[in-house]
Amino acid sequence: MKEAKMKDDDIANELLTPTDYMSHKDIQELVQTLQTHQLELEMQNEELHLSRAKLKESQRRYFDLYDMAPIGYCTLSKEGLILEVNFTLASLFGCARHDLINKSIIKFIVKEDQDVYYLCAKKLFQTNLGLTCDLRMIKRDGSVFYAHAAASAEERDPQNSHVMLTINDVTESEKARKKIEQLNVDLKAKVSQQLEELRKKDAILLQQSTLAQMGEMISMIVHQWRQPLNAISGAAIELSLLNMRGDVSGDDISRNSKFIQNMTQEMSQTIDDFMNFNKEEENSLFSLSDSVYKTYEIVEAQCKSKSIKVNVDIDEKLSVFHNSRAIEHSLLNLIINSRDAFDESKKTKNKKIDIYSRESDDAIFLIFKDNASGISKELIGKIFNPYFTTKEEGKGTGLGLYMTKRMIEEVNQSSISVESQDDTTTFTIKFPKSA
Ligand SMILES: Nc1ncnc2c1ncn2[C@@H]1O[C@H](COP(=O)(O)OP(=O)(O)O)[C@@H](O)[C@H]1O
Ligand SMILES: [Mg+2]
């Protein structure tokens, strides 16, 4: 009976809800606690939503960064199999991404360039340093593009290291590079062709000016010989006159033959002087006054015959390191030009050429001045140009001053300049002392 009563109580207790035996205050407290929990849950829920949104956003950014990067990117196994590949690289190859997974990267490299990749990969694993190489790669449609590849080894798991590889399509820049290369080759060919043409022109120029100068030399020899030839002829005439009068003595014969010998020796000396004048010379330190007198001797007879007075005033101590032949031939050109200018000016009196020296701290100057005609402002800027001449055909080549300038400038940075005032023309040759 008692047992039955207890069972009934248990059943009654089970049927009662907690609120049945809780006081009103307890219930109020419970409700409050529950409300607080609900609030917390709602807040947590919101946070969850937020972090889900953030995750989505970073997934999107990762997708942008990895897949849509402006450079092809893939991860390779040590054996060269593609493990991961970004969208850019897949589109570069013209394949779907899943078609590339587990394919060997070698398949996409032009046969001739595969060794480049092998070598690069080998070095990469030996040194663990990032490497770059240039390869030709093949797209799915068989077309070839130039790729610049940069690889580095991923060493998180030494047993299972990966290669991270970026591939950039550099076809356009490679095409531009090749074009520039070709342009350079063409340009070089053009330059050397033009140089060759210039060299040929230069050789012709040199030949023409040498011929013109030889002509001048012959005319100088003629002048130098005229006087001794006349004298020899005079001595011969004198002897034959004496002979005709039956007056010729042994003394007369030996005096005249001595005289003729002297004259022929003088003529032979002239030939020697001209030969010496044309002898090739190396650069050397030589006396400026010796060179000026040597040149003067060559033209002396002609200048005298044209009443041109040549005044030489060179400091005998002055020496320059130069090519003496170049200086002498330049001086000769200047004297010939003065002679021609005097001829053209029809001047009869006070015809003179002054050749003198000056010295400053850093240079020696050789100054050449004539009072033949002067050179007009319009022409003076052109006189050193090749083929510039104001002389009539057959008289001038226009090469004298051009060759003079070259001879002076090509050795030891010396220079020549010209100025003119009224009827005077002054050429100044400057030899820097440091040269
Ligand atoms: N001393 C000078 N006086 C006047 N004109 C000169 C003198 N030297 C040179 N010239 C002018 O410079 C020109 C060029 O001289 P150059 O090069 O020697 O050639 P070319 O003597 O064959 O004409 C001459 O034609 C002449 O007009
Ligand atoms: Mg001349």
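What counts, and at which threshold
- Residues numbered from 1 in each chain as written.
- Chains lettered and ligands numbered in written order.
- Predicted model: local features only at pLDDT ≥ 70, side-chain atom pairs only at ≥ 80, totals over all residues.
- Helix = DSSP H or I, 4+ residues; strand = E, 2+ residues; numbered from the N terminus.
- Rg over C-alpha atoms; globule rule 2.2 N^0.38 Å.
- Buried ≥ 20, exposed ≤ 12 C-beta atoms within 10 Å, placed from the backbone.
- Contact = placed C-beta atoms within 7 Å.
- Core = buried A, V, L, I, M, F, W, Y, C linked by C-beta atoms within 7 Å.
- Axes fitted to C-alpha atoms, helices over the stretch in contact; angles between N-to-C directions.
- Left-handed = near helix turned anticlockwise from the far one by under 90°.
- Near = placed C-beta within 6 Å.
- Nonpolar A, V, L, I, M, F, W, Y, C, P; charged D, E, K, R; others polar.
- Pairing = 2+ DSSP bridges.
- Domains from an automatic or database assignment.
- Expected span 1.5 Å × (residues − 1).
- Bend = angle between axes of the 7 residues up to and from the residue.

Enquirer: Explanation requested: the overall build of the protein in the structure shown.
Expert: Assigned secondary structure in the protein consists of 12 helices and 12 strands. Here the C-alpha radius of gyration of the protein, 53 Å, is well above what a compact globule of 435 residues would show, namely 22 Å. Counting only residues that meet the buried cut, the protein has 21% of its 435 residues in that class. Nonlocal contacts in the protein, meaning residues at least 24 apart in sequence, comprise 57% of its contacts between residues at least 6 apart.

Enquirer: I keep staring at the nonpolar core and nothing clicks. Help me out?
Expert: Where a protein is soluble and globular, its nonpolar side chains tend to be buried together. Residues V299, L331, I335 and I429 are the most contacted members of the largest nonpolar core, which totals 30 residues. Those elements that place two or more of their residues in this core are α9 (288–305), α10 (324–345), β9 (352–359), β10 (363–370), α12 (400–410) and β12 (424–432). At eight residues, the largest contribution of residues to this core is made by α10. If sequence neighbours within four positions are ignored, I335 has contacts with V299 and I353. In terms of nonpolar packing, the next biggest core, distinct from the first, is built from 24 residues, Y73, C74, L92 and L124 among them.

Enquirer: Whenever I open this one, the packing of α9 against α10 confuses me. Can you help?
Expert: In the contact formed by α9 and α10, the axes pass within 9 Å of each other and the chain directions differ by 35°. Relative to α10, the crossing made by α9 is right-handed. Residues S291, V292, K294, T295, I298, V299 and Q302 of α9 pack against S324, I327, E328, L331, L332, I335 and R339 of α10.

Enquirer: Which parts of the structure should I look at to understand the site of ligand 1?
Expert: Near ligand 1 there are 21 residues, and of these N337, T389, G396, G400 and L401 occur at the shortest range. For the shell around ligand 1, the elements supplying multiple residues, two or more each, are α10 and α12. Considering each element in turn, the shell around ligand 1 owes the most residues, four residues, to α10. In terms of residue class, the shell around ligand 1 is made up of eight nonpolar, 11 polar and two charged.

Enquirer: It is not clear to me how the sheet that holds β9 should be interpreted in this structure. Could you clarify?
Expert: Paired through their backbone hydrogen bonds, the strands of a sheet run either parallel or antiparallel. Read from one edge of the open sheet, five strands run β7-β9-β10-β12-β11, paired in mixed fashion. Pairing within the sheet leaves two strands with one partner each, and these edge strands are β7 (309–313) and β11 (415–421). Ignoring strand direction, the axes of neighbouring strands in this sheet form an average angle of 15°. Here β9 pairs with β10 via seven bridges, running antiparallel. Residue pairing in the sheet places R358 in a bridge with F365 of β10. Of the strands in this sheet, β7, β9 and β10 are in contact with α9, which crosses β7 at around 170°.

Enquirer: Which parts of the structure should I look at to understand the domain arrangement of the protein?
Expert: One widely used convention gives an interface's size as the accessible area the parts lose upon coming together. One can read the domain layout of the protein as domain 1 (1–41), domain 2 (67–169), domain 3 (174–264) and domain 4 (280–432). For domain 2 and domain 3, the distance between their C-alpha centroids amounts to 77 Å.

Enquirer: What is the right way to look at the sheet that holds strand β2 (residues 82–85) in this model?
Expert: Taken in spatial order, the five strands line up as β2-β1-β5-β4-β3 in an open sheet, and their pairing is antiparallel. At either end of the open sheet lies a strand with only one pairing partner, and these are β2 and β3 (131–138). Sheet twist, expressed as the average angle between the axes of neighbouring strands with direction ignored, equals 30°. Pairing analysis gives eight bridges linking strand β4 (residues 144–154) to strand β5 (residues 162–169), with the strands arranged antiparallel. Looking at the pairing, A149 lines up with I167 of β5. Sheet strands in contact with helix α6 (residues 114–127) are β3, β4 and β5, and its direction is about 150° off that of β3.

Enquirer: Is there a simple way to explain α9 in this structure?
Expert: Residues spaced three or four apart along an α-helix point in a common direction, a consequence of the helix completing one turn every 3.6 residues. The end-to-end C-alpha distance of α9, which contains 18 residues, comes to 26 Å, matching closely the 26 Å that a straight helix rising 1.5 Å per residue would cover. At V299, α9 shows its maximal bend, which comes to roughly 55°. Along α9, the positions that sit buried rather than exposed are L288, S291, V292, T295, I298, V299, Q302 and C303. Residue S307 follows α9 closely and has a positive phi angle near 55°.

Enquirer: Sorry if this is basic, but what is going on with α10 here?
Expert: Taking 1.5 Å per residue as the helical rise, α10 with its 22 residues ought to reach 32 Å, and the 31 Å between its terminal C-alpha atoms agrees with that figure. Judged by how many residues are buried, α10 sits mostly within the fold: 16 of 22 residues are covered. After α10 finishes, the residue K346 shows a positive phi value of roughly 60°.

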